[in-house]
Every structure is written in C-alpha cells, then in structure tokens.
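So you can see what is in the structure, the chains are spelled out below.
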Amino acid sequence: MGTVRETIDFPQDQRAFLQPYLPTEQNSSSPRPFVTLTYAASLDSQIASAPGARTALSGPESKAMTHYLRFKHDAILIGVGTAVADDPALNCRLGDIQSVDEQPRPIILDPSGRWKFSADSHVIRLAKEGLGKAPFVLTRATQPPAEMVALLSEIGGKFIKISGTVLERGFTWEKVFNALEHEGIKSVMIEGGGRVINSLLKPENKALVDCVIVTIAPTWLGTGGVVVSPDRQFHNGQVLPAPRLRDTIWHPLGEDVVLCGRLASQSKS
Ligand SMILES: NC(=O)C1=CN([C@@H]2O[C@H](COP(=O)(O)OP(=O)(O)OC[C@H]3O[C@@H](n4cnc5c(N)ncnc54)[C@H](O)[C@@H]3O)[C@@H](O)[C@H]2O)C=CC1
Ligand SMILES: Nc1nc(O)c(N)c(N[C@@H]2O[C@H](COP(=O)(O)O)[C@@H](O)[C@H]2O)n1
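Here the residue numbers are simple positions, counted from 1 along each chain's written sequence. Think of it this way: whatever chain is written first is A, whatever ligand is written first is 1, and the rest follow in order. Local features in this predicted model are restricted to residues whose pLDDT is 70 or higher, and side-chain atom pairs enter the listing and the counts only when it is 80 or higher, whereas totals over whole chains, interfaces and linings include all residues. Remark: hydrogens and water are excluded; side-chain values derive from all non-hydrogen atoms of the structure.

Some thoughts on the overall build of the protein chain
The criterion, for reference: Numbering of helices and strands runs from the N terminus; a helix is a DSSP stretch of H or I covering at least four residues, while a strand is a stretch of E covering at least two. Exposed residues in this analysis have more than 50% of their type's maximum accessible area, buried residues have under 20%, and partly exposed residues fall in between, with area computed by a 1.4 Å probe over protein chains only. The contact definition used throughout considers only heavy atoms, calling two residues in contact when any of these lie within 4.5 Å. All accessible-area figures derive from a Shrake-Rupley calculation using a 1.4 Å probe, and residue coverage is judged against the displayed protein chains alone. We count Lys and Arg on the positive side and Asp and Glu on the negative side, and we leave His and both chain ends out. Working definition for charges: the position is that of NZ of Lys, CZ of Arg, CG of Asp or CD of Glu.
Within the protein chain one finds six helices and 15 strands. Put simply, the protein chain has 269 residues, and 46% of those count as buried. Put simply, of all contacts in the protein chain between residues at least 6 apart along the chain, 74% involve residues at least 24 apart. With an accessible surface of roughly 13,400 Å², the protein chain has 51% of that area assigned to carbon and sulfur atoms. Of the charged side chains in the protein chain, 28 are positive and 28 negative; the average position of the first set lies 6 Å away from that of the second.

Structural notes on the site of ligand 2
To keep things clear, this is the line we draw: Put simply, a residue is near a molecule or strand once any heavy atom of it comes within 4 Å of that molecule or strand. Polar contacts, as counted here, are pairs of nitrogen or oxygen atoms within 3.5 Å of one another; within protein the pair requires one atom able to donate a hydrogen and one able to accept it, and residues that are adjacent in sequence qualify only if both atoms are side-chain atoms. Each residue is assigned to one of three groups, with Ala, Val, Leu, Ile, Met, Phe, Trp, Tyr, Cys and Pro labelled nonpolar, Asp, Glu, Lys and Arg labelled charged, and all others, Gly among them, labelled polar.
What surrounds ligand 2 is a group of 16 residues, the closest being Leu-57, Ser-58, Arg-70, Ala-89 and Arg-93. In this structure, Leu-57 approaches ligand 2 through a main-chain N or O atom, which is 2.6 Å from an oxygen atom. One of the side-chain N or O atoms of Glu-191 is found 2.9 Å from an oxygen atom in ligand 2. Summarising the interface, the protein chains cover 85% of the accessible area of ligand 2, which totals 520 Å² for the free molecule. Those elements giving two or more residues to the shell around ligand 2 turn out to be α1 (60-72) and α2 (80-86). Split by residue class, the shell around ligand 2 holds seven nonpolar, four polar and five charged.

A few points about the confidence of the model for the protein chain
The predicted coordinates ought not to be read in detail in places where the model reports low pLDDT. Keep this limit in mind: A score from 0 to 100, pLDDT tells how confident the predictor is in each residue.
Residues of the protein chain with pLDDT of at least 70 account for 95%, and the chain-wide mean is 93. The complex prediction reports pTM at 0.96, with the ipTM value standing at 0.99.

Let's talk about the sheet that holds strand β6 (residues 158-161)
Rule in force here: Strands qualify as paired when DSSP identifies two bridges or more between them. Here the axes come from fitting lines to C-alpha atoms, over the contacting stretch only for helices, and the angles between their N-to-C directions go from 0 to 180 degrees.
Across the sheet, which stays open at both edges, the nine strands sit in the order β6-β5-β4-β3-β9-β1-β10-β15-β14 with mixed pairing between neighbours. Single-partner strands in this sheet number two, and they are β6 and β14 (245-253). The sheet shows a mean angle of 20° between the axes of neighbouring strands, taken without regard to direction. Pairing between strand β10 (residues 211-216) and strand β15 (residues 256-263): five bridges, direction antiparallel. Residue pairing for β15: Thr-215 is matched across the bridge by Val-258. Against the sheet, helix α5 (residues 173-182) makes contact with β1 (34-41), β3 (75-79), β4 (105-109), β5 (136-139), β6 and β9 (187-192), and its axis sits at roughly 135° relative to β9, the strand it touches most.

Some words on unusual backbone geometry
Residue Gly-192 is joined to Gly-193 through a cis peptide bond whose omega torsion reads 0°. With respect to the helices and strands, Gly-193 occurs in the loop between β9 and α6 (194-200). At Leu-90, a position not held by glycine, the phi torsion is positive, near 55°. Within the fold, Leu-90 resides in the loop between α2 and β4. Judged by relative accessible area, which is 3%, Leu-90 ranks as buried.

Some remarks on the site of ligand 1
What surrounds ligand 1 is a group of 27 residues, the closest being Ala-40, Thr-82, Asp-86, Phe-171 and Glu-191. Gly-193 is positioned with one of its backbone polar atoms (N or O) 2.9 Å from an oxygen atom of ligand 1. If ligand 1 stood free it would expose 870 Å²; the protein chains cover 89% of that surface. Sorting the residues of the shell around ligand 1 by element identifies β1, β2 (46-48), α2, β8 (170-171), β9 and α6 as the ones contributing at least two each. Class assignment of the residues belonging to the shell around ligand 1 gives a composition of 13 nonpolar, nine polar and five charged.

A closer look at the pairing of β14
Relative to β15, β14 runs antiparallel, the two being bridged by seven bridges. Within β15, the position partnered with Arg-246 by the bridge is Arg-262. Between β14 and the antiparallel strand that follows it, β15, lie two residues; Gly-254 among them carries a positive phi value of about 60°.

Side note on the packing of aromatic side chains
As a reminder, the rule being used: Aromatic rings from Phe, Tyr and Trp, with only the six-membered ring used for Trp, were paired whenever their centres fell within 6.5 Å, and each pair was classed as stacked if the ring planes differed by under 30 degrees, edge-to-face if by over 60, and tilted otherwise. We count a charge as sitting over a ring when the NZ of a lysine or the CZ of an arginine lies within 6 Å of the ring centre and within 35 degrees of the ring normal.
Tallying each qualifying case throughout the model produces four aromatic pairs. Summarising the aromatic geometry, the rings of Trp-115 and Phe-117 are spaced 4.6 Å apart at their centres and angled 45° between planes, so their arrangement reads as tilted. Of the two residues, Trp-115 and Phe-117, neither departs from the other in class, the shared state being buried. Chaining the aromatic ring pairs together yields one cluster made of Trp-115, Phe-117 and Phe-159. In this structure, Lys-158 is placed above the aromatic ring of Phe-136, and the distance from its NZ or CZ to the ring centre is 5.1 Å.

This is the structure we're talking about:
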C-alpha cells in the first residue's frame, strides 16, 4: 500500500522572522555549504527521553517551521544514532513542494555501517514513491553490503566514502562539508542527534555553523535522555569560552519558542 501524502502548512505570515537566518543566493557562491544547526529541545536541554527513543517535542506550529526549513535547504543531515532510533522520513511535507527535485537530500553520517536499512525503511520507501530524495550515506567502508548499494542506486542514492582520520569515531566536519560540496549541495540543515550537535558546538567546529535554530518545547523530560550540552573545553588549564549565540531572536510558535542566532566567536565573560 502507498504512503498517504501528508501536507503541512506553514503560513506565509509566519515565515518572515526566519528570513535573516536562511541560506541566500550569495551564500551559494561560498566554497562550502551554508550550515544550519537545528533541533527541538526540552527545558532541560534534552532532545530525546532516552538514547534511541524517538520523542516528539515540537508542537504542530514549530514542526511546520521545521518543514519550511527543510524546504529552504538542499540537504538534511543526521547521525546514524538518529537514523537507527527514529527511522525518519527526512522529506519535506509542506504543500509548497511541487516536485521531488525540490526535496532536500537526506545525508546520514554512518562511519561504521550501523544503519541496516531495507526497502521498508521510511526514507527508502518515500524515495521509491517519489515523495522524497534517496539518501546519501557517508561511510568509511570501502565495500558496503552489495544489497544496500543496489537498493540505494535503484532510487538515486549512494554511499560516499570518506577516507582519512576520524574524530572520536565520527568524521571530521571539513571532510563532511567537502563531500557535500562535491555533490553540489549548497546548504545543509543538521538536525541531530546528540553526538552530532555536541560535536558541532566544540570550539574547533563552531565556525563552520552559519545559523542555529532551536525549538524549545515547554516540558522537562527528566534525567536519562539525550542531552545537548557540549563538553567544557580547557586549554593550558583554563576553561575556554562556552559557545554562545549572538543576533538572537526568540519567536513564540504555538506553545513553543523558536530561538534563532549565530554562534559567537567569543562568549561574554
Ligand atoms: N529533538 C530533536 O530535534 C532530535 C532528536 N534526535 C534524537 O537524538 C537521538 C540520537 O542521538 P545520538 O545517539 O547522539 O546519535 P547521533 O544521531 O548524533 O549519531 C551519532 C553517530 O554519528 C556518527 N558521526 C559521524 N561523524 C560524526 C561527527 N563528526 N560527530 C558526531 N557523530 C558523528 C558516529 O557514528 C556517531 O556515533 C535519538 O534518540 C533521536 O531521536 C535526533 C535529531 C533531532
Ligand atoms: N524539529 C523536531 N522536533 C522534534 O520534536 C523532533 N523529535 C525532531 N526530530 C528530528 O526529525 C526527524 C524526524 O523527521 P520525520 O518526521 O520522520 O521526517 C528525526 O529523525 C530528527 O532528526 N525534530
């Protein structure tokens, strides 16, 4: 049976506040993609109630905003932890979409082949039905499983090998963005999960992030979930400045608040 086409509306009069934070034509001439870091968190900075648990935090209005962001970016990137936990769709369900060409490209960071997708995986099914693009899976593997290679190539997806050093079992972000740029991807929204977000908030990576858009849901998830809280960094025994946003806007959407900003190079002391 085919997937029922869900259509989401994000009204025109709600869109203006996001404008200064969206990728533009000027950005598209930059040698690396425009990077938006975006996720939904609870009041205790958690993005899931437990590792591996898909947790709905965004209300309908901010969920619609996320789909608008998906519409405005060439690609959506997640870590393999999220792919395995959520079996996500990773498409844009906004009524604005006229054809699959306008869909964002799903990108999965899976250095060691943990994501065992099949024809039943949500993102694969949607691509088969023309309701989303097929994923690109970034891997360290020289020879990913043949049946997965075939499944992806049937629908226009592929594995992309990233070679060289890996950072804490993850890829270095420069290599990830170089690979995306090589594929003609000019803008990417990074949705998570915890390890991916915390990695991008490290001092050595935060200059790679152009904008941050966080949905804050009015709930506490309690201890034991997946937390956005980057490791405190030290240099010569001194604590390095914590990441902080500048140019901020706090915009209520339904019962949530959406915080937009840019990562400052130095935090206020
Ligand atoms: N509320 C929200 O907006 C979102 C919530 N989530 C939740 O997050 C949870 C998954 O988070 P995690 O388990 O932390 O997994 P994750 O999705 O952050 O994936 C981490 C994995 O990605 C790979 N990776 C490759 N390069 C990397 C790099 N440079 N930095 C970090 N990782 C890299 C590594 O294999 C690593 O183990 C799920 O429960 C999911 O539901 C995920 C996305 C958004
Ligand atoms: N914006 C947002 N709000 C939440 O409450 C969420 N749990 C997430 N999760 C992210 O969205 C992906 C699911 O997307 P589909 O609806 O399946 O397309 C999930 O994998 C996370 O990346 N996001």
